[in-house]
Amino acid sequence: MLHSKTFNKKTRGGRIQKLVREVYLRDDIYCGALFCKSCEDKSKARLTATASTILILDTNVVLNQIDLLENPAVEDVVLLSVVLQEVKNKNSAVYGRIRNLIDSPARRFVVFSNEFHRDTYVQTMAGESPNDRNDRAIRVAARWYQSHLGEAVKVLLITNDRENKRKATEEGVSAETIESYVKSLGQPALLDLLVQPASEDVIMEEVEDMRPSKRKVVYPEHKPMSEITSGLTKGIYHQGKLRVNRYNPFEAYVGSESIGDEIVIYGRGNMNRAFDGDVVAVELLPQDQWHEEKSLSIVDEEDEEEDVHLVPGSSDDAPRTSIPVSSSTFDTNPVSSRPSGHVVGIIKRNWHSYCGSLEPMPMPAGSGGLVYALFVSKDRRIPKIRIQTRQLDNLLDKRIIVAVDSWDRQSRHPSGHYVRSIGQIGDRDTETELVLIENDIDARPFSAQVLACLPPLPWSVSPKDLNESNRVDLRHLCVFSVDPPGCKDIDDALHCTMLPTGNFEVGVHIADVTNFVHPGTPLDDEATQRGTSVYLVERRIDMLPKPLTEDICSLRADVERLAFSVIWEMTPEADIISTKYTKSVIKSRAALSYVEAQARMDDSRLVDPVTKDLRNMNALAKIMRQRRIQRGALTLASAEVKFQIDTETHDPLDIGMYQIREANQMVEEFMLAANVSVAEKILKEFPECSLLRRHPTPTKEMLGPLLRTAAAVGLNLDVTSSKALADSLDRAVGDDPYFNKLIRIMATRCMTQAVYFCSGELSPPEFLHYGLAAPLYTHFTSPIRRYADVIVHRLLAASIGIYKLPTIFLDRPQLTSIADNLNYRHRNAQMASRGSVELHTLIYFRNRPTDTEARIVKMRSNGFIVFVPKFGIEGPVYLTMRGDKGGGEWFVDEQQQKIRKMDG
Amino acid sequence: MEFVNPEGLRLDGRRPMEMRQLRAQIGAVAKADGSAVFEMGNTKVIAAVYGPREVQNRSQQINDQALVRCEYSMANFSTGDRRRKPKGDRRSTEISLVIRQTMEECILTNLMPRSQIDIYVQVLQADGGTRSACINAATLALADAGIPMRDLVTSCSAGFLNSTPLLDLNYVEDSAGGPDVTVGILPKLDKVTLLQMLRNTTSITLLIQPYNVLERFAREYQTAGVSTWLVVHKKGIRAHIQAPTLAWLLLDFQLSSHHLKLVAYTGVATS
C-alpha cells in the first residue's frame, strides 16, 4: 500500500533551502462513483449511476464560478486535491464554500486525492512551471477517470484556459469551457450565474459586439504591485482601508497610519474603482487641490447618475466630463487642512455579494433575451453594478443578490453576475431576510453538533449541583425578575432584604450560562461566532439554542435555576459596604413585567414581600441614579419605537415611542452597578486579559454638528466634560415638549459607540466609559444574549478561584480578535434591529397615509430633514423638484440654518 | 495549518494511523561487534555496538553486572542546513541517557559482570522521530553483536495535531508544536520500557493535550493492566538476526481517542 517517492523542493526562507518530503502514493483512493465496479469503498461515493457526464474542474473555474457551482443544476463534479489546494491558497472564502458543497449530502461533489494516487501523481518535469505542472496533473487525472470508468460515462474537463483545453483535446480528454458547458445544459437562467469573463478571456468576441465600439478610458490605471510596494516604503503612497461615507457614496476616507490622519477621497474618479472595505494605496493630492468647504445638499442619487439606463448597444461607458463632488449630509465640517488624495492601486479587494434590486428599465425589444441591467445595492456605499441577464422580466420586481467580478478601466460601472433572488420587492419576509443578509447575521438553525452539547431535557437542578462546594443555596431568598412584557430569555433577577443592622442586602442574580456552555465545545464556538442575539420586530435570532435561552438558563418564576450572583451590603444611603460574588441556586418568586412592577410599587394597598422589596430597591436605585448623574452620566435618548404586532399576520398594527418607567430605571441601575462591580473585580485579578467595555470621550470635532444646530436655536451647550454636557442638556428645555429629546438624540448621534476591548491593549485612563461616567465598565448581566457576558462570567469565576481560567485568555491576540468580532456582531445586530424597525414602519405606512406633526432638525441647500417624534422616523423634505438644482422660490442659508421664501 | 485534510490524508499522503516505510540493515560497520542502519522514512540512523569488553575506567566497574554506555550524536549534515553542533549539548545528553536506560532494561546485564558495552548511535539524516529510530537501531545492533537480551525493544512516536492522534510524526508534523509521546516496548514480555512525553511547545494552550493523553494513558495502565492493551504477535526474530539479513520491522501503534493499544508485528524478509 505504501509507495515511497521522494522529491525535492526549494523554498525561500531568507535563503535557499533544499527540502525533501516523502510522498506516499496509494492504491486505496477511490473514484467516488457509485456504479464503479473496481473501487471497493463506496462510503464516500456520490456520483450517481445515471450520470452520463462527470465534470472535472480546473482551479480558475472553481475560483470564478462558485456561484454557478452552488446551483443544484451542476452535479456529478469531481474536485481534484490539486485544485482544492490551489483554491485554498488563493481564496479561503471560496474554499470554504466549495467544502460546504462537498460536505452537503444533497449534492454530488466528490474529492479525488490525485496527488496521492499511484496512477495520477505527476512529477514536475525540468523547466516546467508549477502552474503547467498542476494543469498537467488535472489532465492526467481526467484521463485516468475516463479510462477507469470506461466508455459508458463521459468525463468532461471544464477549463477556460485555452492552452489547457487544446492540450487536453490532444491527449484525448474531452474539454469544454464553462460557458459552452452551461449552454449545453439548455437552461438559459443558469447563464446569468456565470462570471463575466475579463477582457482577455475566451468569449470576449461575443461580448465585444454588444459593447460600444469605441471604448474610452474612464478611470486611471492602477499601478503595478511592485510600484505600490516601493511607493509605500518610500512614503509616497499610503496604505489603508477605504471607508465610504454612509450618507454620501462619493466621499470616502482612508485611515492611514503613515500620516496618522484620515485621507479624504472625493469622487468616484479619485476612488478609482475601489469599493468600501478594500485595502488601497493612496497618493496625496497637491495641497492646493485639497477641498475647501463645499455646498451641503441632501445627496440625491438621481442628480449624479443621469442617463445610466442601459440597453444593449447603448453607451454606458461615456466618460464623465467632471466628477461630481458633494459633501456628506452629516459631516458638515470639512476642514481645508484635511489631506485629500486619490487611489493609485488596490492591495486587497473586499468584494463579496450585495443585496439590492435592478434599476427599473424598459424591456428591450428583440435582444434575444440577453440584456445588460444595472443593479442598485441597498447599501448606498456600493456603486451600481452592471450585470448580464436573460431573465430580466423575472428579476425586475425581485430582491436579488449580485456578486462583483471585475471593474475595468473602460467601464463606469463594475460588472458582476446574478447569484440568486430572495423574493418579491416589498414582501415582508423577503425584506427581513435582506436585512439579515446585509448585516451578516447567521439565522440558520443550530447544527446537530451544537445541539449535542445541550444537557438532556427536561432539565432541573440536580443534587449534584446543590452539593457543589462553590455553589451557595439561595433558594430561601425572595428573588424576582423584572423584564419587558413577553420576555422569555430572563437573564437577570434581583433580591433585596433588610438586615438587622438596618442595612440592605441587595443581590443581582444572573443566569449561570457558563455552567452549560464550556469553552472549546461546538456550542461555545457557535456562540462566539454569533456574538449576540438579534432582536427583530417580529422575531428573535438566538445566540444560544432555544432550550438554553428559554428554559434551562432563563430565570423563570417558581423554578429552581442556577445563577451567578453579585451580592452587596448597602446602607440605606445606597453606599456599598461589601461585595460578594458567588455561584448560587435561586428560585424566583415572580417574573414581573415593567408595567406590573410599576403598578405594584404605585399601588399603596399592596404590602406583600415582593412589593416591599421592590419599593426598597426603587428607593436605593433613585439614590444611585442621582449619584451617577452627579458624576456626569449622560441621559441620552434614541428614537426607539415600539410596534404592536398582529399575532397572526405579523404585520404591524400600531406604532409608538417606547415608554420608559421608573421600574426600567430601577433594574437598569442595579445592572449597571453589578457590571461596574464585576469590572473592578476581574480587572484587579486579571489586569492583562479582562474583557471590558469603553466609551471614548467624543472629540470637539465630533460634537461640532450638535453645537452648530444648538447655536442655530440660540442654545449654548457646554461640552467641556460629560458632567457639563449633561447639565446643559438638562437645561435645554424649549417650549416644545420634544425639544429636549431631539437635542439628546442629536447628542447621541455625535458620539462613537461603546466598544469591547481587552484590558491589556490599552492604558487605564482609556478604559473610561464616557456615557455612564464610569472609569470601568463591562457586561456581565446578559449572558444568554451576549457572548461578552459569557467571557466575563468565566473571568469572574476564575477570579474568585472556583474555576481555572480557560487558556484562551492567555492568548491576547486571540482575545482581541474575539472582542473585535463581538463589536462587529453587536453593531450588526443593532443595524439589523434598526433595519427591521424601519421596514415595519414602511409596511405600517404602506396603506395608511397619515398626517402628523414633525420637527425640522437640519437644513440643506435643497431642503431640510424632519423628524417625526411620534413614529421615531426621520426623512428629507425637498423644497426643489428632484434634479432641479436651482433654489426655486426658497432661499436657504446653511450657515445660519435658516430658510426664507424668495419673495418674502 | 491543516495536518490532516478532510479526506483523512496527511501532508505526505499517509493516513493518521500509518507509519512511514521502515528499512533496516544489519552489519553496516564491519569493525564493530554489532551494527545496524535503521530508516523510518527519511530518518536514517546508524548504530554500532562494542562489547561486552573489559571496563576501560576501572572505577566505573560494577561487580555483579555489565556497564552499559551510550553515545548519541547527530551528524552535521543530518539536517538540511549545515550546523556545527558541539557534542554533548543538553539534547544529545538527554537522548543518550534515554537510549542507555531503555537498553539497560532489556540487556541481561547480570550475565556479563565486570564488563562494558558501548552503544554508539548517530543520526545520518533527520526527519522527525529520531529518538525512536535510534532505539530501534540500537536494538538491532545489540542483537547483531549477540548480546543476550530479554527481548527486542521497539519504539515509535505518536502526536496530536488538528485534534487527531497521528502515528510516527515526520519533521513537519513534529515541528508544528503539538504534543508527542515516544513509547518503547518489549513485545514478548508485554512491558513498556520507555514512555516519554515531549511538550515542545511554547504556548500554554497546547499543553493541555499532552496532559489528556498522559492521563488517559495512566488510567488505562492502572485499570486495565498492561496485558490487555498490549497485543503482541510473537515471532522470534533473534535467530534470524544472527545472519546478516535484511530485517523488516513493522510496528503499529494505535492511539485512538479512548484507549491506547499497541500492536507490534515482527517479520523477516530474507535477502
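Model, not experiment: these values are computed from the prediction.

### Looking at the overall build of chain B
Reasoning step 1: Assigned secondary structure in chain B consists of 6 helices and 12 strands.
Reasoning step 2: Per-residue burial over chain B gives 41% buried out of 271 residues.
Reasoning step 3: For chain B, the share of sequence-separated contacts (at least 6 apart) that also reach a separation of at least 24 residues comes to 68%.

### Looking at the overall build of chain A
Reasoning step 1: Helix and strand counts for chain A stand at 26 helices and 34 strands.
Reasoning step 2: Looking at chain A residue by residue over its 904 residues, the buried ones come to 38%.

### Focus on the sheet that holds strand β1 (residues 22–26) of chain B
Residues and elements named next belong to chain B.
Reasoning step 1: Here we have 5 strands laid out as an open sheet, ordered β1-β2-β3-β5-β4, and mixed in their pairing. Each edge of the open sheet is held by one strand with a lone partner, namely β1 and β4 (67–74). When the angles between neighbouring strand axes are averaged without regard to direction, this sheet yields 15°.
Reasoning step 2: Sheet topology places β1 next to strand β2 (residues 34–40); 5 bridges connect them, and they run antiparallel. Within the sheet, the bridge partner assigned to isoleucine 26 lies in β2 and is alanine 36.

### Some words on the nonpolar core
Residue and element names in this part refer to chain A.
Reasoning step 1: By size, the foremost hydrophobic cluster in this structure holds 103 residues, and its most contacted members are Ile56, Val78 and Leu79.
Reasoning step 2: The leading source of residues in this core is helix α5 (residues 130–149), at 7 residues.
Reasoning step 3: Sequence-distant contacts of valine 78, defined by excluding residues within four places in its chain, comprise Gly32, Ile54, Leu55, Ile56, Val110, Phe112 and Tyr145.
Reasoning step 4: Cys496, Ala673, Tyr787 and Phe867 belong to the second-largest nonpolar core, a separate cluster that totals 96 residues.

### Things to note about the sheet that holds strand β7 (residues 174–176) of chain A
Residues and elements named next belong to chain A.
Reasoning step 1: As summarised here, the arrangement of the 5 strands in space is β5-β4-β3-β6-β7, forming an open sheet in which the pairing is parallel. Edge positions in the sheet fall to β5 (109–112) and β7, since each of these pairs with one other strand and no more. Taken over all neighbouring pairs, the strand axes of this sheet differ in orientation by 30° on average, direction set aside.
Reasoning step 2: As defined by bridge partners, strand β3 (residues 53–57) adjoins strand β6 (residues 154–158) across 5 bridges and the pair is classed as parallel. Bridge pairing in β6 links leucine 55 to leucine 156.
Reasoning step 3: Helix-sheet contacts for α5 involve β3, β4 (77–80), β5 and β6, and the interaxial angle to β6 is about 170°.

### Considering the packing of helix α1 (residues 90–106) of chain B against helix α2 (residues 130–144) of chain B
Residue and element names in this part refer to chain B.
Reasoning step 1: With their axes 10 Å apart at the nearest point, α1 and α2 run at an angle of 45° to one another. Between α1 and α2, the angle falls in the class oblique. Taken as a pair, α1 and α2 cross one another with a handedness that is right-handed. Residues Ile95, Val98, Ile99, Thr102 and Met103 of α1 form the contact with α2, whose own contacting residues are Arg131, Cys134, Ile135, Ala138 and Leu142.

### Digging into the confidence of the model for chain A
Residues and elements named next belong to chain A.
Reasoning step 1: Considering every residue of chain A, the mean pLDDT works out to 80; 85% of them sit at 70 or more.
Reasoning step 2: The element-level mean pLDDT for chain A is lowest in helix α12 (residues 301–304), coming to 40, with β4 highest at 92.
Reasoning step 3: Here residues 199–214 scores under 50 on pLDDT; set against residues more than four positions off or in separate chains, the count is 14 contacts.
Reasoning step 4: Here residues 293–336 is modelled with pLDDT under 50, and outside its nearest four sequence neighbours on either side it reaches 88 contacts, counting other chains as well.

### Some remarks on the environment of Gly159(B)
Residue and element names in this part refer to chain B.
Reasoning step 1: Positionally, glycine 159 belongs in strand β6 (residues 154–161).
Reasoning step 2: Note on glycine 159: 27 C-beta atoms within 10 Å, which makes it buried.
Reasoning step 3: It is 6.6 Å that separates the C-alpha atoms of glycine 159 and leucine 169, two residues lying 10 residues apart in sequence.
Reasoning step 4: Those residues within four positions of glycine 159 in sequence are excluded, and the remaining contacts are Leu166, Leu169, Glu173, Gly178, Pro179 and Asp180.

### Things to note about unusual backbone geometry
Reasoning step 1: For the bond from Gly51(B) to Pro52(B), the omega torsion is 0°, close enough to zero to count as cis.
Reasoning step 2: Within the element layout of this structure, Pro52(B) appears in strand β3 (residues 43–54).
Reasoning step 3: For Asp440(A), which is not a glycine, the phi torsion comes out positive at approximately 55°.
Reasoning step 4: Tracing the chain through its elements places Asp440(A) in the loop between α14 (428–438) and α15 (448–452).
Reasoning step 5: Phi at Ala574(A) is positive, roughly 65°, even though this residue is not glycine.
Reasoning step 6: The class for Ala574(A) is buried, based on 20 C-beta atoms found within 10 Å.

### Focus: the packing of helix α3 (residues 81–90) of chain A against α5(A)
Residue and element names in this part refer to chain A.
Reasoning step 1: As a packed pair, α3 and α5 sit with axes 9 Å apart at the nearest point and diverge in direction by 145°. Of the residues in α5, those touching α3 at Val82, Val83 and Glu86 are Asn134, Ala137 and Ile138.
Reasoning step 2: Per-class residue counts for the contact of α3 with α5 are 4 nonpolar, 1 polar and 1 charged.

### Brief notes about the environment of Asn716(A)
Residue and element names in this part refer to chain A.
Reasoning step 1: Mapped onto the elements, asparagine 716 comes out in the loop between α22 (700–712) and α23 (722–731).
Reasoning step 2: C-beta crowding within 10 Å serves as the criterion here: with 10 such atoms nearby, asparagine 716 is assigned to the exposed category.
Reasoning step 3: Expressed as a C-alpha distance, the spacing of asparagine 716 and arginine 731, which sit 15 residues apart in the sequence, is 9.8 Å.

### Describing α2(B)
Given 3.6 residues per helical turn, the α-helix brings residues three or four places apart onto the same face.
Residues and elements named next belong to chain B.
Reasoning step 1: Here α2 spans 21 Å end to end across 15 residues, near enough to the 21 Å set by a 1.5 Å rise per residue.
Reasoning step 2: Most of α2 is tucked away: 15 of the 15 residues are buried.
Reasoning step 3: Of the residues one or two after α2, glycine 146 is the one with positive phi, at around 75°.

### Regarding the environment of Thr841(A)
Reasoning step 1: Tracing the backbone through its elements, the reader meets Thr841(A) in helix α26 (residues 812–846).
Reasoning step 2: Those residues within four positions of Thr841(A) in sequence are excluded, and the remaining contacts are Ile655(A), Phe871(A) and Ile873(A).

### With respect to the confidence of the model for chain B
All names here are of chain B.
Reasoning step 1: Residues of chain B with pLDDT of at least 70 account for 69%, and the chain-wide mean is 71.
Reasoning step 2: Mean pLDDT across the secondary structure elements of chain B bottoms out at strand β10 (residues 230–232), with 24, and peaks at strand β5 (residues 115–125), with 94.
Reasoning step 3: Across residues 200–271 the pLDDT falls below 50, and counting only partners more than four positions away or on other chains, this stretch makes 117 contacts in the model.
Reasoning step 4: Model confidence for the complex: the whole-complex pTM is 0.65, and ipTM, which rates the interface, is 0.75.

Calculation criteria
- Residues numbered from 1 in each chain as written.
- Chains lettered and ligands numbered in written order.
- Predicted model: local features only at pLDDT ≥ 70, side-chain atom pairs only at ≥ 80, totals over all residues.
- Helix = DSSP H or I, 4+ residues; strand = E, 2+ residues; numbered from the N terminus.
- Buried ≥ 20, exposed ≤ 12 C-beta atoms within 10 Å, placed from the backbone.
- Contact = placed C-beta atoms within 7 Å.
- Pairing = 2+ DSSP bridges.
- Axes fitted to C-alpha atoms, helices over the stretch in contact; angles between N-to-C directions.
- Core = buried A, V, L, I, M, F, W, Y, C linked by C-beta atoms within 7 Å.
- Parallel < 35°, antiparallel > 145°, perpendicular 65-115°, else oblique.
- Left-handed = near helix turned anticlockwise from the far one by under 90°.
- pLDDT = per-residue confidence, 0-100.
- Nonpolar A, V, L, I, M, F, W, Y, C, P; charged D, E, K, R; others polar.
- Expected span 1.5 Å × (residues − 1).

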